[in-house]
Amino acid sequence: MPTDIKSLTREELEAQFKTWEQPVYRVTQLLDWLYVQRVTTWDAMTNLPKILREKLHGNFSLQTLELVRKQGSHDTTQKFLWRLHDHSLIESVLIPANPALYGEASDRHTLCISTQVGCAYGCKFCASGLDGWKRNLTPDEIVEQILAVERWHATQPKEESLEPTENRVVNNIVVMDMGEPLANYDNLLAALKILNAPWGGGIGARKITISTSGLVPQIRKLAKEPMQFRLAISLHGATDETRNKTMPVNRKYPLKELINACEEYQHEKGRMITLEYILIAGVNDSMSETKPLASLARKLYAKINLIPYNKVEGLEWERPSEEVCEAFLGSLEKQKVIATLRREKGHDIDAACGQLRLKTERELAGVTN
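Residues numbered from 1 in each chain as written. Predicted model: local features only at pLDDT ≥ 70, side-chain atom pairs only at ≥ 80, totals over all residues. Heavy atoms only, no water.

Student: Any chance you could break down the confidence of the model for the chain for me, citing the residues and the numbers?
Tutor: Here the chain averages 89 in pLDDT, and 86% of its residues register 70 or above. Confidence drops under a pLDDT of 50 for residues 99-107, and excluding neighbours within four residues, the segment shows 28 contacts in the predicted structure. (pLDDT = per-residue confidence, 0-100. Contact = heavy atoms within 4.5 Å.)

Student: Let's hear about the pairing of strand 8 (residues 208-212): which residues, and what values?
Tutor: Of all the five residues making up strand 8, five are buried; the element is thus mostly covered by neighbouring parts of the structure. Residues Ile208, Ile210 and Thr212 line one face of strand 8 and the alternating positions Thr209 and Ser211 line the opposite face, and both faces are buried. Of the strand pairs in this sheet, strand 7 (residues 172-175) and strand 8 are connected by three bridges, and their pairing is parallel. Directly across from Val175, in strand 8, lies its bridge partner Ile210. Remark: the strand 7/helix 5 (residues 185-196)/strand 8 crossover connection has right-handed handedness. As defined by bridge partners, strand 8 adjoins strand 9 (residues 230-234) across four bridges and the pair is classed as parallel. Bridge assignment links Ile210 to a residue of strand 9, and that residue is Leu231. The handedness of the strand 8 to strand 9 crossover, carried by helix 6 (residues 216-223), is right-handed. (Buried < 20%, exposed > 50% of the residue type's maximum accessible area, 1.4 Å probe, protein only. Helix = DSSP H or I, 4+ residues; strand = E, 2+ residues; numbered from the N terminus. Pairing = 2+ DSSP bridges. Right-handed = clockwise from strand over helix to strand, strands pointing away.)

Student: Explain helix 10 (residues 290-300) to me, and be specific about the residues and the numbers.
Tutor: Where helix 10 is concerned, the buried positions are Thr290, Leu293, Ala294, Leu296, Ala297 and Leu300. Down the axis of helix 10, the sector holding all buried residues measures 160°, keeping them to one side. Opposite the buried face of helix 10, by more than 90 degrees, sit the exposed residues Lys291 and Lys299. Here the buried face of helix 10 lies against helix 9 (255-269), strand 10 (273-279), strand 11 (302-308) and helix 11 (322-334). Two residues or fewer after helix 10 comes Tyr301, characterised by a positive phi angle close to 50°. (Arc of directions from axis to C-beta.)

Student: Which residues make up the sheet that holds strand 8, and what values do they have?
Tutor: What holds strands together in a sheet is hydrogen bonding between their backbones, with the strands either parallel or antiparallel. The strand order across the open sheet formed by 10 strands is 1-2-3-4-7-8-9-10-11-12, and the pairing between neighbours is mixed. At either end of the open sheet lies a strand with only one pairing partner, and these are strand 1 (66-72) and strand 12 (339-341). Along the sheet, successive strands turn relative to each other by an average axial angle of 20°, direction set aside. Alignment of strand 3 (residues 89-95) against strand 4 (residues 110-113), held across three bridges, turns out to be antiparallel. Paired with Ile95 across the bridge in strand 4 is Thr110. Contacting strand 1, strand 2 (78-83), strand 3, strand 4 and strand 7, helix 4 (residues 139-154) runs over the sheet at an angle of about 135° to strand 4. Of the strands in this sheet, strand 10, strand 11 and strand 12 touch helix 11, which is tilted by about 170° from strand 12. (Axes fitted to C-alpha atoms, helices over the stretch in contact; angles between N-to-C directions.)

Below, the structure written as structure tokens:
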């Protein structure tokens, strides 16, 4: 399949148009069709000459995502299941404004996106890797998740639609749905540069959070990137003993190495890191876990985002009671660290990463648990 047009930067398009003896302003027109108008066919680009549209059609693909399922939560969280051109399934989750999620003040319309079909890292509580890793997403497949959600939004009745902010519906991105983002480093960075560019998504780098289970070499590499992306660590345990219970990656990159890489990132960027901590009953929700967690947060100048576990069918883990979650938060706050507890965001739908995709694939295959 030819390279998708949404994998190319403006500079690459200008070089291509130059070889076709097309004026530079045609690139501006093309980019407007792709990222502002969000069209899905070459013929829709009506101010481009027919001969240019034919050249584009002959040299590049213009793939879109097919919406297979959508689930809506009572808190207005929306979960999308997309089919790719090879029939693989991925997920994206649109999260409503919440002052206790990511970034400063209030995150308006955050989209959580996938970077891989499946996952190879085998976090014990996660649905994304239950059927293994299949492939990395290409840059256009990452970019297209944002565009597809905005196309969907444009079809909604006015009274049900979200109020756009900064000329976009999606203005915050969290890279932490299906897959390990830093295991698809090059494609991820290519996509995020397009989404950040003023000619592309126009989403500020500081409104883009990359989450990782702890790939130390890639964290160090990301620290050297010029763009000011936010970094979130899927921690889920502040000691090696606790983290080893659920995070196989910790055996390759134990906490000491992970902490060193995070310190390097924090030194380079001067930005607060987020420690993601999924609370799992009887695994990491004891009050004794709060002391090493608070100590680690102070060491890294990090904030802690507590997330009550979303139950995944077929896995043994359970969600702690609301009282336990609140007590865990209170203990951290008493230790003078910045901590938030994510209260109901999609708990009433298949909100865990990869859960809707896994459920759908098994249904299509006629498999029942």
